[in-house]
2 protein chains.
Amino acid sequence: MLNTKVKNRHSINMVVVISILFFACALLGSNGSEDLLNQAKQIFGQLPKAMVSEKNPITPEKVKLGKTLFYETRISIDGTVSCSKCHPFSLYAADGLRKAIGNQCKLNPRNSPSILNAADQISAHWIGNRTDVEDQAKQSVIGPPSFGMPSYAEVEKKLKEIKGYAPLFKEAFPADNDPITVDNFAKAVGAFERTLITPSSFDKFLAGDDKALTEQEKGGLKTFIEMGCTACHSGTYIGGQMYQKFGLIEPYEKYTKSEVVDEGRFVVTKNESDKYVFKVPVLRNVARTPPYFHDGSVDDLATAVWIMGKVQLGKDIPKEEIGNIRAFLRSLTGEIPEDALKIPILPSIE
Amino acid sequence: MLNTKVKNRHSINMVVVISILFFACALLGSNGSEDLLNQAKQIFGQLPKAMVSEKNPITPEKVKLGKTLFYETRISIDGTVSCSKCHPFSLYAADGLRKAIGNQCKLNPRNSPSILNAADQISAHWIGNRTDVEDQAKQSVIGPPSFGMPSYAEVEKKLKEIKGYAPLFKEAFPADNDPITVDNFAKAVGAFERTLITPSSFDKFLAGDDKALTEQEKGGLKTFIEMGCTACHSGTYIGGQMYQKFGLIEPYEKYTKSEVVDEGRFVVTKNESDKYVFKVPVLRNVARTPPYFHDGSVDDLATAVWIMGKVQLGKDIPKEEIGNIRAFLRSLTGEIPEDALKIPILPSIE
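Residues numbered from 1 in each chain as written. Chains lettered and ligands numbered in written order. Predicted model: local features only at pLDDT ≥ 70, side-chain atom pairs only at ≥ 80, totals over all residues. Heavy atoms only, no water.

A. Representation of the confidence of the model for chain A in the model. Residue and element names in this part refer to chain A. In this model, chain A carries an average pLDDT of 92, and 90% of its residues clear a pLDDT of 70 or more. Counting interchain partners and residues more than four positions distant, the pLDDT-below-50 stretch residues 1-9 has zero contacts. For the stretch residues 14-34, pLDDT sits under 50, and the model shows nine contacts to residues farther than four places along the chain or on other chains. Here the complex is predicted with pTM 0.90, and the ipTM for its interfaces comes to 0.89. (pLDDT = per-residue confidence, 0-100. Contact = heavy atoms within 4.5 Å.)

B. Examining the environment of Glu217(B) more closely. All names here are of chain B. Relative to the elements of secondary structure, Glu217 occurs in helix α10 (residues 215-226). Take Glu217: its relative accessible area is 15%, and that puts it in the buried class. Sequence spacing of Glu217 and Gly309 is 92 residues, and the spatial spacing of their C-alpha atoms is 18 Å. Other than its neighbours up to four places away in sequence, Glu217 contacts Ala212, Ala327, Phe328 and Ser331. (Helix = DSSP H or I, 4+ residues; strand = E, 2+ residues; numbered from the N terminus. Buried < 20%, exposed > 50% of the residue type's maximum accessible area, 1.4 Å probe, protein only.)

C. The arrangement of the pattern of salt bridges in detail. Across all of its chains, the model carries 32 salt bridges over all chains by this definition. Between Arg98(A) and Asp299(A) there is a salt bridge; the shortest N-O distance is 3.0 Å. Residue Arg98(A) is located in the loop between α4 (83-86) and α5 (133-142), and its partner Asp299(A) is located in the loop between β2 (277-279) and α12 (301-313); the two are separated by 201 residues in the primary sequence. Between Lys67(B) and Asp339(B) there is a salt bridge, and its shortest N-O distance comes to 3.7 Å. Residue Lys67(B) is found in helix α3 (residues 60-70), and its partner Asp339(B) is found in the segment after α13 (319-330); the two are separated by 272 residues along the sequence. Residues joined by salt bridges that share partners form a network here, namely Asp210(A), Glu215(A) and Lys218(A). (Salt bridge = Lys/Arg side-chain N within 4 Å of Asp/Glu carboxyl O.)

D. A look at the interface of chain A and chain B. With 33 residues of chain A at the interface, the matching set in chain B holds 33 residues. The junction of chain A with chain B conceals about 2,700 Å² of combined surface from both sides, 61% of it contributed by carbon and sulfur atoms. In this structure, the connection of chain A to chain B is made through two salt bridges. The class makeup of the residues in the side of chain A that touches chain B is 18 nonpolar, six polar and nine charged. (Buried area = accessible area lost by both parts, 1.4 Å probe. Nonpolar A, V, L, I, M, F, W, Y, C, P; charged D, E, K, R; others polar.)

E. Here's a closer look at the state of the cysteines. Residues and elements named next belong to chain A. Counted by the stated rule, this structure contains one disulfide over all chains. Lacking any disulfide linkage, Cys229 is separated from the closest cysteine sulfur, that of Cys232, by 9.2 Å. Since its relative accessible area comes to 16%, Cys229 is described here as buried. (Disulfide = S-S within 2.5 Å.)

F. Looking closely at α5(A). Residue and element names in this part refer to chain A. Counting buried positions along α5 gives seven out of 10 residues, so the element sits mostly inside the fold. Taken residue by residue, α5 has Val133, Glu134, Asp135, Gln136, Ala137, Ser140 and Val141 as its buried positions. At its buried positions, α5 is contacted by α6 (152-161) and α8 (182-193).

G. Summary view of the packing of helix α3 (residues 60-70) of chain A against helix α7 (residues 165-172) of chain A. Residue and element names in this part refer to chain A. Across the interface, α3 lies against α7 with an axial gap of 8 Å and an inter-helix angle of 140°. Crossing of α3 against α7: the hand is left-handed. Each of Glu61, Lys62, Lys64, Leu65, Thr68 and Leu69 in α3 lies in contact with α7, whose residues at this interface are Tyr165, Leu168, Phe169, Glu171 and Ala172. Class assignment for the residues of the contact of α3 with α7 results in six nonpolar, one polar and four charged. (Axes fitted to C-alpha atoms, helices over the stretch in contact; angles between N-to-C directions. Left-handed = near helix turned anticlockwise from the far one by under 90°.)

H. Looking closely at the side chain of Asp274(B). Residues and elements named next belong to chain B. Counting through the fold element by element, Asp274 comes out in the loop between α11 (266-269) and β2 (277-279). Summary of buried charges: Asp274 has no salt-bridge partner, and the nearest side chain of opposite charge, Arg265, is 4.4 Å away. If we ignore the near neighbours within four places in the chain, the residues touching Asp274 are Glu263, Gly264, Arg265, Phe266 and Thr269. (Lys, Arg positive; Asp, Glu negative; His and termini not counted.)

I. Structural view of unusual backbone geometry. Cis geometry is adopted by the peptide bond preceding Pro291(A), which originates at Pro290(A) and carries an omega value of -5°. Along the polypeptide, Pro291(A) turns up in the loop between β2 and α12. At His125(B), a residue that is not glycine, the phi angle is positive and equals roughly 65°. According to the relative accessible area criterion, His125(B) is partly exposed, its value standing at 25%.

J. Examining the nonpolar core more closely. Residues Phe89(A) and Phe89(B) are the most contacted members of the largest nonpolar core, which totals 80 residues. If near-sequence neighbours (up to four positions away) are discounted, Phe89(B) is found in contact with Ile343(A), Ile345(A), Phe70(B), Tyr71(B), Ile115(B), Leu116(B), Phe192(B), Leu196(B), Ile336(B), Ala340(B) and Leu341(B). (Core = buried A, V, L, I, M, F, W, Y, C linked by side-chain atoms within 4.5 Å.)

If you want it as structure tokens, here you go:
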């Protein structure tokens, strides 16, 4: 009986030792960059089918309503602002401007981030003042430089005035007696956004298709990892999982064309340590969403990569490696879901 | 020989007489409203497959480029204006505003007309200062309250800076050495617009399907004809074929909420007889494109119909008949072509 126990313990120890050895070898192999794919698999991750949330389960009815609301201008103070104004899919759900422009041409404080692959981040937007995509949608409608409505009640009034919304809200929120609320607006828009994932050739590579990336793209990926970019730009979305100071080594405004120095997350927390801290942006589709950085102060991707090397890593990345990294980043340009690209007809007022 | 000639002439005369009698009977029958369908067929017309133009033949390559350019904001002075800004398909290619808002929030002088079923009209827009859809597209890019660009040369420069346009223009205009021109921009956008027809249940009725319209809709159509609305709103597009004074019987501003009195076509011609004259608008999709009139001064369709009765016909149309006409006008709401509803991805700058 005792012998058996000792024997068993011995066997278990052997298994543990072998496992550790195996794991160490695997780590050594990948750390040595011998297996770019395995390394990439550890750092990044393939896209899910949708960015699910227990708080806001995705249903087809919610997505349908959310997609419709995404185009709704008639609930903004001047009738010109919808979600799609700053996030048009024709430009990969960013707007191509340095800083977003809202109702009555009001300038927003920061660059409009793409809402593609955006719903699994640490927070929405740049400085952590919107907890998730639902919170972002909700805050937008009363945001003075976005939809500019004076109150949630006024938004709900406008939604109710558009007669065609009643059945759509009822279908999306069948358990609610009075479903036309801003909270449900936010849930519907959020549910739609949670479907917006854009698989790219990089995902095919991560799935094991070695030919999905060109040699230059693989070279860029290798440099991206070795240079230390992945210290922040990691995970499924290649970013979006942490806050970080922009300008760790040198002040960013030394190289960007920033007109003002943005204090970033400090604006929210008032902690000195949060000065110039921003959310690390998702890099999926980055090649198609210029201009770059929180203030859109840089027009082209190569310059943006070079500046990141200077101010975050203290490195003057050589031109050839910039080109390779740029090629890798272009492999993150994905396919927008077909249904999202189909324009919904907005409900009739009468 | 002579006899034969006389005989032949006699036969021809008989045919002419019979034809005239037959035609007169047909006219009498329809004028007596016994056959609403035949009457409607004489006044209106079914939509063609596309609104062709000898000056600008439609090709798939031109349409593809034109649809892309339709969403292009990066060629406007502030990066916010594209054709789709004032003509979003989500709102049946009008914008829901009283007057269109262009770059830097500049107010346009008049309401944005839908560009659906718009390419076969006497002219584009309201007062005859744009000959056709191509001319409208061309003038827009340098229009101070629309795209606001300083010159055609600057537009062409911006188009050339977006690297992804070169192959698209080449495919659409293969015979041109330097295809990226504003004229070709206008032709491409025009070719796209020439495909935008929206068949509705009214077209099914015109094609002979008596059940395509409800009894109320048919009643509205009958009233619409008998009341005299078709004196101006006739043809395939139920309007768009002539200019007419707005306020034939009484000044329109007596009933609308117009802030200023627009002199209409007089602005273009300086002829006294053109004062308050506007193009008769196309009524297809009218139920889905409020607010109404050249200045968007009226919010709802029933009021717009009642005002038309007062100021154009000198009639106080009873409420029930307003309801019927409104029902008929709703039968003009059509299906937007599926391809037009698919958002194009704009070409990359780099």
